[in-house]
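# Fold and contact review
Each chain, letter by letter, is given below.
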Amino acid sequence: MRDGIDHLVKIGVKDDRWKQAVVGMIDAASDDDSSFLLQAATQVGDALKATDGLGYRNWLKGTVGSLQKGEEELGNAILGLPAPILTTNYDTLIEQCGQRGSSSWNDAKSMQRVLAHRSSDVGHLHGIWNDPDSVIFTSADYRKLLDSPAAQSIQSAFASSKSIVYIGVGGGLSDPNFSRFLEWQRETFPNPGLSHYRLCLKSEVEMLTRFHATDNMVLVTYGDEHHELAPFLTTLASELSDIVPSGSGMVAVGGAEIRELFEQSLIEEVIGRPEGAELELSIENLALEPVLLPIPHAQYVSQKSLKSGNDDLKRIDPEADLAAGEVILLVGDEKSGLSFAARWLALKASNVADGLPPIYTNFTQCKKSLRPLEDLIRREGRMAGLHLGKKTQIPAVALVIDDFSPYVAFSELAVRDLSSLARGFTVMTCRQGTEEAVQSQLEAAGIRCRVRYLGRLERGDIEKMAQMAAPMTFGAIAEQVWGLLCSEHLPRTPFNVAQLIYIYQRNGELGGNASSTSILEEFVALLLGRGDPHEDARFNLDHEQKMTLLERLAEGFVIDDELGAVESATVAALSSALEDLGWPESPIDILTNFLERQILIRRNGFVVFARGSFLHLFAAKRAQKSMNFRDHLLDRPLYYASAISDYAAIQRHDPVLLERAERWVDSIRWEESAGAAFAELELMTPSFEEIPPDAEELGDAVGAELAMDDASNDDDPPAFPVAKEEDVPPLWRALQTLELASRVVRDADQAGEVVQKQRVLDSLLNKWGATSSAMEGDQDYRKLFQEISSLQEKPVDSADLHTDAMRSMQTLLPAVFAFAGVSEFLASRRLLIPLERIIADFDSDTSVEKRVSAVYFLVAVAEPGWAEKARTVLSGVGNLWVMRNWILMLLLYKYMENSSGAEDDTILRMCVDIVARGTKYKDDAERRRHNALLLRQLPQARELERKRQRAQIAIKRDQVALPKPTASAIAGA
């Protein structure tokens, strides 16, 4: 402080009068009261910080930072103690004595490792000189420290569970931070079970006894003179020489603490470092149990889809495997969550068998020796805190052996080591395709194992994960996540699902209604490190710059008509892009980073995008910046349809794209004749029987539908079509063209004029309406349906009914397809004005097909007032097959699911109109009686269905254990 005073006067910032006042504060300070020192420090620090951005930093460097170690005896004596070292000093003199690292209070994760005996760093409670923001010097700095939950929780953590030895603190214990700390100790532990110790001179005992009268502080004298401190500490260290230290040189910790730290590492992997210690989180609240299968996931999905009748084919209960006492061989693909699942199982085993410490090892860290696995377990065990000497027998542990390979030269020696370990719990992981070789090695060593395959998350799992993060909106979020995973063919791993839940939850909170392309873009940005506080310091590109390089890479792949390139060519492409952009980064480092982040992968000797949807996205983003590349895509619209669709969703104001879409629609030629869906039906006799559906049967149907959804694979199809465009059958080529044009018109909301959009939309409605007839008349479709029908088991006693049912299904599927196309690819609020103008022009000559597709649009968007518009559109349509067998079903579904009640009466009237239109009544009285029955019974049916749905939701909520602290806090983390 005196140096700072002189420096400020010398550079003319302060005068001698100010100097005299501040020096007076320093002189007035005493060991009993350091408040004057704090006032002086505040005067000096505030003045230095006000000079310029570097004034304060340079002063710290020139004073504290320039200190050099002198006599090393005391520093070495302190470092010789097998315990974490914490200091309030800003200097690094202790570190210089023993080549130790440094951690500061503002890096909570590093400080946690110090306190957990897992790091040999010196912990700086008041900051380090080379990080000015961490230095606690002025009153404002102290307030910042006191207001930091992380810093205060660090002090609270070691004070509540550790005995502290204070060495050479002088008056430091009376500074604002330690005063509060000591006060906290007194209030929290009035009858503490732990004692703390303060080393002092004999001459200080009387004064310090008064000072610590209300503290649980034991005074320990080390001599009459300060120079006796170092020998005292050396003697103390020798008394502790029989304690086996951990890998960091610290005193080893117990099994319960090892388990706690192990669980904390899993929690941090899920949500990062929680802010504050008041959230008592457990992994049970934050992560689902892993999906364990008896066979590979693809095989499991295939057999479930075929409904082979194998009742034993179900997910494995992890609890049963934990109790079996056999090694679990967990098999999966890279980046499938294999490592996390193995650690989850080890933690679970540790909790079940109390006292079994969980230890994680990675087989790739094994070194060649006579006992490679045993040596690795000893190293990792010491780092975790186990008391393990070179010859100490390894106790029973919950062991993870990750990334095991049977093809490493010493793998058999490692398996032999495993067979000699004390009986505990072991889970090994290996890549799919190597499990048979691993199993053979284990059996040869007399080790029994259970092979388990890591499966993908199913729909119910995703709902549970969404409920953990967003209890009030989990249903909608889970539905959105499931839809994107399926449409973009993303692996259904816990990591991917968690990222998407976070994105959709944030999008909902911001009132967004993002497209699947924008959600995918945000997902990829997270993979590339956006917002990642642990980004590699040597890798200086941000996520947007990385995206630019990936765009260039995607452009090259597309131009070359390749899905990837050999590694050397990929490095060359990145090098060329870096040179064009003038960026100094290493292309090899960048490629390594992309591979580690699973944006790119190696496949069959080539570097390719990990998913086809990633290639489409980056090609679309490149097309934004290069019109030549955009035109290259547009020249082959069906081949590059996925990339063009993403481009339309990103670049919403390209008039060229809208013009191309109009041309594509005009190129479609449908069969003119109407199909069976638009045929007139005979009138039916009215039925006066009770019509509410049986709730249990309806529930079974819904359950079957969900089960079929779960029985799906997430394999990634080829990024671009395998068949040439001209080889695709005409019908399917036309349908692909119709889908692409619809996507473009829907997403090009900022391009062109309303008149143009109205013209293109009118053509699209015509084409979608005629889709049913076109599919029905297509020979390929009829042939395909005949093949499907032949696979169905025909009941002997009702063959005619089966034939009729299949014939109806053959007519229904094209109508469902048309509705799905309008709903999924065309319907949007941004096209409502053009749609309303089209509907206003409807007259007696308007085709039924166009009317039906307009109703599909209205049903899909469901804008307020849609039902009345739909009723007007359908008013001139007769008793057609599509009305009675499909439109009626759609309207009933909307009526059943409608919760606002705003459209209830109109939907109900439409349903009754359609039924009445196809019914032959004796007279008006019978018509009125029949209509009244329908108007009464349909609301009853809906109420019954809603009761069943509420019961299902309640059951689902009961099945999910919500986090105990606060759901919002966890969601925020």
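Because the structure is predicted, anything quoted here is derived from the model rather than measured. (Residues numbered from 1 in each chain as written. Predicted model: local features only at pLDDT ≥ 70, side-chain atom pairs only at ≥ 80, totals over all residues. Heavy atoms only, no water.)

The subject of this paragraph is the overall build of the protein chain. Assigned secondary structure in the protein chain consists of 43 helices and 15 strands. The burial tally for the protein chain puts 48% of its 973 residues in the buried class. For the protein chain, the exposed area adds up to about 47500 Å²; of that, 50% sits on carbon and sulfur atoms. (Helix = DSSP H or I, 4+ residues; strand = E, 2+ residues; numbered from the N terminus. Buried < 20%, exposed > 50% of the residue type's maximum accessible area, 1.4 Å probe, protein only. Areas by Shrake-Rupley, 256 points an atom, 1.4 Å probe, with all protein chains shown as cover.)

The next thing to look at is the sheet that holds strand β14 (residues 600–603). Taken in spatial order, the 3 strands of this open sheet run β13-β15-β14, and their pairing is antiparallel. On the outer flanks of this sheet lie β13 (564–565) and β14, each paired with one strand and no other. Here 2 bridges tie β13 to strand β15 (residues 606–609), and the two strands are oriented antiparallel to one another. Note on β15: the bridge partner recorded for Ala-565 is Val-607. (Pairing = 2+ DSSP bridges.)

Turning next to the packing of helix α25 (residues 543–559) against helix α28 (residues 612–625). As a packed pair, α25 and α28 sit with axes 8 Å apart at the nearest point and diverge in direction by 100 degrees. Judged on the interaxial angle alone, α28 and α25 are roughly perpendicular. Between α25 and α28, the residues in contact are Met-547, Thr-548, Leu-550, Glu-551, Arg-552, Ala-554, Glu-555, Phe-557 and Val-558 and Leu-615, Phe-618, Ala-619, Lys-621, Arg-622 and Lys-625, respectively. For the contact of α25 with α28, the class distribution of residues is 8 nonpolar, 1 polar and 6 charged. (Axes fitted to C-alpha atoms, helices over the stretch in contact; angles between N-to-C directions. Parallel < 35°, antiparallel > 145°, perpendicular 65-115°, else oblique. Contact = heavy atoms within 4.5 Å. Nonpolar A, V, L, I, M, F, W, Y, C, P; charged D, E, K, R; others polar.)

What follows covers helix α8 (residues 139–146). Asp-141, Tyr-142 and Leu-145 are the residues of α8 that are buried. For α8, the angular spread of the buried residues around the axis is 100 degrees, confining them to a single face. (Arc of directions from axis to C-beta.)

What follows covers the pattern of salt bridges. Pairing between side chains becomes possible if they bear opposite charge and their charged atoms approach one another. For the coordinates displayed, the defined rule picks out 36 salt bridges. In this structure, Glu-374 and Arg-378 form a salt bridge, with 3.0 Å as the shortest nitrogen-oxygen distance. With Glu-374 and Arg-378 both in helix α18 (residues 372–384) and 4 residues apart, this pair spans about one turn of that helix. Here Glu-374 matches Arg-378 in class, with each residue buried. Among the salt bridges present, the one from Asp-904 reaches Arg-942, with a minimum N-O distance of 2.7 Å. Of the two residues, Asp-904 is situated in helix α41 (residues 904–917) and Arg-942 in helix α42 (residues 924–959); the sequence distance between them amounts to 38 residues. As far as burial versus exposure is concerned, Asp-904 and Arg-942 are alike and both buried. The network of salt bridges with common partners includes Asp-321, Glu-326, Arg-448, Arg-450 and Arg-452. (Salt bridge = Lys/Arg side-chain N within 4 Å of Asp/Glu carboxyl O.)

By size, the foremost hydrophobic cluster in this structure holds 184 residues, and its most contacted members are Val-524, Phe-609, Phe-614, Tyr-856, Phe-857 and Val-882. A per-element tally of this core places helix α40 (residues 881–897) first, with 9 residues. The residues touching Val-882, leaving out its near neighbours within four places in the chain, are Ala-677, Phe-678, Ala-815, Val-852, Tyr-856 and Ile-887. Leu-322, Ala-342, Leu-345 and Leu-347 belong to the second largest nonpolar core, which has 26 residues in total. (Core = buried A, V, L, I, M, F, W, Y, C linked by side-chain atoms within 4.5 Å.)

Turning our eyes to something else, we now look at the side chain of Thr-517. One can find Thr-517 in helix α24 (residues 516–527). On the basis of relative accessible area, Thr-517 is assigned to the buried category, the value being 5%. Only 2.9 Å separates the side chain of Thr-517 from the side chain of Asp-646, close enough to count as a polar contact. Ignoring anything within four residues of it in the chain, the contact list for Thr-517 reads Leu-617, Asp-646, Ala-649 and Ile-650. (Polar contact = N/O pair within 3.5 Å; in protein donor to acceptor, adjacent residues only side chain to side chain.)

The topology assignment puts Thr-771 in helix α34 (residues 754–777). Not counting residues within four places of it along the chain, the set of residues in contact with Thr-771 comprises Trp-670, Leu-735, Leu-738, Phe-817 and Ala-818.

Residue position: His-616 is located in helix α28. Given a relative accessible area of 9%, His-616 falls into the buried group. Linking His-616 and Tyr-640, residues 24 residues apart in sequence, is a C-alpha distance of 8.3 Å. With residues up to four places along the chain from it excluded, the contact list for His-616 reads Ser-642, Ala-643, Asp-646, Ala-719 and Phe-720.

A cluster of nonpolar side chains, contributed by Val-165, Tyr-197 and Val-218, occupies part of the molecular surface with about 210 Å² of accessible area. Tracing the backbone through its elements, the reader meets Val-218 in strand β6 (residues 217–223). (Patch = residues over 30% accessible without salt bridge, like charges linked within 9 Å, V, L, I, M, F, W, Y side chains within 5 Å.)

Take the confidence of the model for the protein chain next. Any region with low pLDDT has predicted coordinates that should not be read closely. Summary statistics for the protein chain give a mean pLDDT of 82 and a share of 84% for residues scoring 70 or more. In this model residues 273–279 is a low-confidence stretch, pLDDT under 50, and it forms 14 contacts with partners more than four residues away in sequence or in other chains. (pLDDT = per-residue confidence, 0-100.)

We now examine the packing of helix α26 (residues 567–581) against helix α27 (residues 587–596). Packed helices, taken two at a time, are described by their axes: the angle between them and the distance between them. α27 packs onto α26 with a crossing angle of 115 degrees between their chain directions and a minimal axis gap of 9 Å. Taken as a pair, α26 and α27 cross one another with a handedness that is right-handed. Listed contacts from α27 to Glu-567, Thr-570, Val-571, Leu-574, Ser-575 and Leu-578 of α26 are Pro-587, Ile-588, Ile-590, Leu-591 and Phe-594. Class assignment for the residues of the contact of α26 with α27 results in 8 nonpolar, 2 polar and 1 charged. (Left-handed = near helix turned anticlockwise from the far one by under 90°.)

Before going further, it helps to examine the sheet that holds strand β3 (residues 122–124). The strand order across the open sheet formed by 3 strands is β1-β3-β2, and the pairing between neighbours is parallel. Since the sheet does not close on itself, it has two edges, and those belong to β1 (85–87) and β2 (102–104), each with one partner. When the angles between neighbouring strand axes are averaged without regard to direction, this sheet yields 30 degrees. In terms of strand pairing, β1 meets β3 through 3 bridges, oriented parallel. Residue pairing across strands places Leu-86 opposite Gly-123, the latter belonging to β3.

Overall, the coordinates contain 12 aromatic pairs when judged by the stated rule. Ring geometry for Tyr-90 and Phe-137: centres 6.4 Å apart, planes at 70 degrees, overall edge-to-face. Here the residue Tyr-90 occupies a position in the loop between β1 and α6 (93–98), and Phe-137 occupies one in the loop between β3 and α8, the gap between them amounting to 47 residues. For Phe-137, a relative accessible area of 10% corresponds to the buried category. With a centroid separation of 5.9 Å and 75 degrees between ring planes, the pair formed by Phe-819 and Trp-886 is classed as edge-to-face. Taken together, the residues span a long stretch of sequence, with Phe-819 in helix α36 (residues 799–826) and Trp-886 in helix α40 at a distance of 67 residues. (Phe/Tyr/Trp six-rings, centres within 6.5 Å; stacked < 30°, edge-to-face > 60°.)

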